[in-house]
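Coordinate analysis (summary)
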Amino acid sequence: MRTKQEWLENLMMCEDCKVLGKGKIGCYWKKQHCPLCGKATRKFKAPKADKVLRFPREANTLTARQKEIVAAIGERCSDLDCPGKVVDVLVGPVVTEYIFEPDRFTRVKKLKALNEDLALALQVDTVTIRRMAGKIGISVPNPDRKMITFEECLKNVIAHRDDMELPLNMGVTSTGEAYVEDLATLPHLLIGGSTGSGKSVYLNTLLTSLLYIRSPKQLWLYMVDPKSVELFPYKGLPHLRRDPVNDVYEALSVMDTIEQEMRRRTNNLHILKAKDIKELNTRIKAEAAELKKSGQPELAKKREEDLWPYIILVIDEMADLVLAEKKMFTQKLACISQMARAAGICIISATQRPSVDVLPGKIKVNFPARCAFRMPSATDSKTVLNYKGAETLLGKGDCFLMSPNKSGLQRIHVPYCTPADRDKMLKISLEFGHVNSVPADAPPEQPLTPTPANGKQDKVRVN
Ligand SMILES: Nc1ncnc2c1ncn2[C@@H]1O[C@H](COP(=O)(O)OP(=O)(O)OP(=O)(O)O)[C@@H](O)[C@H]1O
Ligand SMILES: [Mg+2]
């Protein structure tokens, strides 16, 4: 077990404090100050993305078991009329991928249906087969599954804090390489998976890593949690524009607020002749840099306050909302997801019921990035990903990711953000994050629409 000091030193490398070993918790987004001693420092250095790969490829040294599997795959496939050979072995933290090169006349469709036969031949619970560029990847679970820890993967997000707007801590790929996506480019993420497959842990991982590197001035959050379990610990966080809600009408009211903000931002973008939030923020940053150069740091600081924050709406368990108010909820979600990209509004939504009545085409079409954890059936996998296969995943954070930035499916192992990790990160944000982040021109919070049937009062948080 690492001590608090070791944990902090590992994340925030201020040379002076490393030597002196002072123990004050700091927040990363105050990065111009040393997080341990609070003094301005230039020695701070975050690790580079390529230096934090966790499990390097080890194809040359095969164990006896791996050699056995290589032989068994070749044999079994040719027995079943799909001849070919294993050409590479990629060892990862959770699964080992055997790269299979089929013969000229082998049909991929037939090969992809062999997972049950191969699982039987290799004496494992499940085998996942996916098509890659020119080859087939056959993933077999490792006998000793390694835990992907949250602390380890947090470094990957820190390394991308400057070149990505909203870096998401996705964990590692099946071959053990760090995987980070920019939510601003997705810009919405749909998460599906059966109960206990790791959706809420994934939401916590994504959110806590983002909160760690983005201040309330850079990121606003809205949270909807019909189960009132997973997102309620975030209550009181300075990034939240309103306390997490659990009622369907409160959720609709939150979506109303976001829609109004989206329309206000879109109008302002037209007036300011900017294409999207990224262009506008880049322009403002350039102007602030000019002012700083010309010796007017106060004016530059003032100009930097005009930067627009990104907004993320997080929904844990969409099915409860869709089933309660299907028409209004789908309409609003579709409207926001269609138009929100330019305005810097992103949605992360999870559901344990990935059926067609919960995920109509109108919603799915606006969520090009989709993440499928272990599914109960191949039909559910098809509903989320348009492909079969997620039913063969291992659970506990093992998932397939479909991203508009990458072709094909990525197999990802999500870091395990334990409740203790989450609380540690929230403590950091709560202790240092209470800054007055609301710009003067922010829209007022909206009253409830429609009037809730249960007569509950809308709790609006005033920052
Ligand atoms: N990445 C992970 N690594 C290791 N274990 C994990 C991981 N993700 C989840 N688990 C384990 O699975 C359990 C259930 O995870 P989680 O609560 O996220 O499931 P869920 O998909 O949200 O379920 P539900 O649909 O019932 O809310 C966790 O308590 C944890 O023990
Ligand atoms: Mg959950």
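Model, not experiment: these values are computed from the prediction.

1. What about the pattern of salt bridges?
Enumeration according to the criterion identifies 18 salt bridges in this entry. For the salt bridge of E279 with R283, the shortest nitrogen-to-oxygen distance reads 3.8 Å. Of the two residues, E279 and R283 both sit in helix α9 (residues 277–293), 4 residues apart, roughly one turn of that helix. Its relative accessible area of 33% is what places E279 among the partly exposed residues.

2. Remarks on the layout of surface pockets
Here the second largest pocket is characterised by a volume of approximately 870 Å³. Every residue lining the second largest pocket is counted, 30 residues in all, and those nearest its centre are K112, I129, R130, R131 and L409. Counting residues per element, the ones that place at least two in the lining of the second largest pocket are α4 (108–112), β3 (128–132) and β13 (409–413). Of all the elements, β3 adds the most residues to the lining of the second largest pocket, at 5 residues. When grouped by side-chain class, the residues that make up the lining of the second largest pocket number 9 nonpolar, 10 polar and 11 charged.

3. Describing a positive patch on the surface
A grouping of R107, K109, K382 and K388 is seen on the molecular surface, where their side chains present a positively charged patch. Looking at the element boundaries, K388 is found in the loop between α14 (378–385) and β12 (398–402). Accessibility expressed as a relative area gives 57% for K388, which makes it exposed.

4. A word on the site of ligand 1
Close to ligand 1 lie 16 residues, the nearest being T195, G196, K199, S200 and Q352. One nitrogen or oxygen atom from the side chain of T195 is found 2.5 Å from an oxygen atom belonging to ligand 1. In the model, an oxygen atom of ligand 1 is placed 2.9 Å from a nitrogen or oxygen of the Q352 side chain. About the coverage of ligand 1: the protein hides 76% of its 630 Å² of free accessible area. The class makeup of the residues in the shell around ligand 1 is 5 nonpolar, 8 polar and 3 charged.

5. A word on the state of the cysteines
Inspection of the entire model under this criterion finds 0 disulfides. Just so you know, C82 is unpaired, no disulfide at all, and the nearest cysteine sulfur is the one on C77, 6.3 Å from it. Note on C82: relative accessible area 0%, which makes it buried.

6. So, the packing of helix α3 (residues 64–79) against helix α5 (residues 115–122)
Axis separation between α3 and α5 bottoms out at 10 Å; the angle between their running directions is 135 degrees. In terms of their interaxial angle, α3 and α5 are classed as oblique. Crossing of α3 against α5: the hand is right-handed. The residues of α5 that touch α3, namely those facing R65, I69, A72, I73, R76 and C77, are D117, L118, A121 and L122. By residue class, the composition of the contact of α3 with α5 is 7 nonpolar, no polar and 3 charged.

7. Quick notes on the side chain of E97
With respect to the helices and strands, the residue E97 is situated in strand β2 (residues 95–102). Classification of E97 by relative accessible area gives buried; the value is 1%. Within the structure, the side chain of E97 is placed 3.0 Å from the side chain of R130, a separation counted as a polar contact. A distance of 3.3 Å separates a polar atom in the side chain of E97 from a polar atom in the side chain of S139.

8. A few points about the sheet that holds strand β4 (residues 135–141)
With antiparallel pairing, the 4 strands of this open sheet are ordered in space as β1-β2-β4-β3. On the outer flanks of this sheet lie β1 (84–91) and β3, each paired with one strand and no other. Within the sheet, the average angular offset between the axes of one strand and its neighbour, ignoring direction, is 25 degrees. As paired elements, β1 and β2 share 7 bridges and run antiparallel to each other. Note that in β2 the partner of G84 across the bridge is P102.

9. Section: the pairing of strand β9 (residues 310–316)
With 7 of 7 residues buried, β9 lies mostly within the body of the structure. Side chains of β9 alternate between two faces, with Y310, I312, V314 and D316 and I311, L313 and I315 buried alike. Taken together, the 6 bridges between strand β8 (residues 219–224) and β9 define a ladder with parallel strand orientation. From the neighbouring strand, W220 faces β9, where its bridge partner is I311. The pairing of β9 with strand β10 (residues 345–351) spans 6 bridges and is parallel.

10. Topic: the nonpolar core
Among the nonpolar cores identified, the biggest contains 42 residues, and L183, L189, I191, Y202, L221, Y234 and I312 are the most heavily contacted of them. Sort the elements by how many residues they give to this core and helix α7 (residues 199–213) lands first, with 6 residues. Once residues within four sequence positions are removed from consideration, I191 is found in contact with K199, Y202, L203, I348, S349, A350, T351, C371 and F373. Listed in part, the 41 residues of the second largest apolar core include A251, F329, I363 and V384.

11. Topic: the sheet that holds β12
Taking strand neighbours across the sheet as the criterion, the 9 strands line up as β6-β5-β13-β12-β11-β7-β10-β9-β8 in an open arrangement whose pairing is mixed. In the strand order of this sheet, the two ends are held by β6 (178–182) and β8, each with one partner. On average, adjacent strands in this sheet sit at an angle of 30 degrees to one another, irrespective of strand direction. In the packing of α7 onto the sheet, contacts are made with β5 (167–173), β7 (188–192), β8, β9, β10 and β11 (369–372), and the angle to β5 comes to roughly 125 degrees.

Criteria and thresholds
Throughout, residues of each chain are indexed from 1 in the direction in which the sequence is written. Here chains are named by letter from A upward and ligands by number from 1 upward, in the order in which they appear as written. Per-residue local features of the predicted model are confined to residues with pLDDT of at least 70, and side-chain atom pairs are confined, for both listing and counting, to 80 or more; whole-chain, interface and lining totals are unaffected and use all residues. Computation of side-chain values: all heavy atoms of the structure, hydrogens and water removed. The rule for a salt bridge is simple: a side-chain nitrogen of Lys or Arg has to be within 4 Å of a carboxyl oxygen of Asp or Glu. By definition, any uninterrupted DSSP run of H or I lasting at least four residues is a helix, any uninterrupted run of E lasting at least two residues is a strand, and each is numbered from the N terminus. Each residue is placed in one exposure class: buried if its accessible area under a 1.4 Å probe, protein chains only, is under 20% of its type's maximum, exposed if it is over 50%, and partly exposed if it falls in between. Using protein atoms alone on a 1 Å grid, points that fit a 1.4 Å probe yet trap it form a cavity, whereas open point sets bounded by protein on both sides within 12 Å along at least five of seven lines form a pocket; residues with an atom within 4 Å of a point count as lining. Grid points are joined across faces, edges and corners, and a volume is the space filled by probe spheres set on the points. All amino acids are sorted into three groups, where Ala, Val, Leu, Ile, Met, Phe, Trp, Tyr, Cys and Pro are nonpolar, Asp, Glu, Lys and Arg are charged, and the leftover types, Gly among them, are polar. Exposure above 30% relative accessible area and the absence of a salt bridge qualify a residue for a patch, where like charges join within 9 Å and nonpolar side chains (Val, Leu, Ile, Met, Phe, Trp, Tyr) within 5 Å. Surface accessibility in these figures is a Shrake-Rupley result with a 1.4 Å probe; residues are shielded only by whichever protein chains are displayed. The convention is simple: Lys and Arg are positive, Asp and Glu are negative, and His and the chain ends are not counted. In this description, the location of a charge corresponds to atom NZ of lysine, CZ of arginine, CG of aspartate or CD of glutamate. We call a residue near a molecule or strand whenever a single non-hydrogen atom of that residue lies within 4 Å of it. Under this definition, polar contacts are N or O atom pairs within 3.5 Å; protein pairs additionally need one hydrogen-donor-capable and one acceptor-capable atom, and for neighbouring residues in sequence, both atoms have to be side-chain atoms. Note on terminology: pairs of cysteine sulfur atoms within 2.5 Å are recorded as disulfides. A fitted line through C-alpha atoms serves as each axis, taken over the contacting stretch for helices, and the angle formed by two N-to-C directions is quoted from 0 to 180°. Comment on the angle field: the value is read as roughly parallel under 35 degrees, roughly antiparallel over 145, roughly perpendicular from 65 to 115, and oblique elsewhere. Each crossing is labelled by how the near helix is turned from the far one, with a counterclockwise turn of less than a right angle marking it left-handed and a clockwise turn marking it right-handed. Throughout, a contact is declared for two residues whenever any of their heavy atoms are within 4.5 Å. In this analysis, strands are considered paired if DSSP registers two or more bridges between them. Buried residues of nine kinds, namely Ala, Val, Leu, Ile, Met, Phe, Trp, Tyr and Cys, make up a nonpolar core once their side-chain atoms join them within 4.5 Å.

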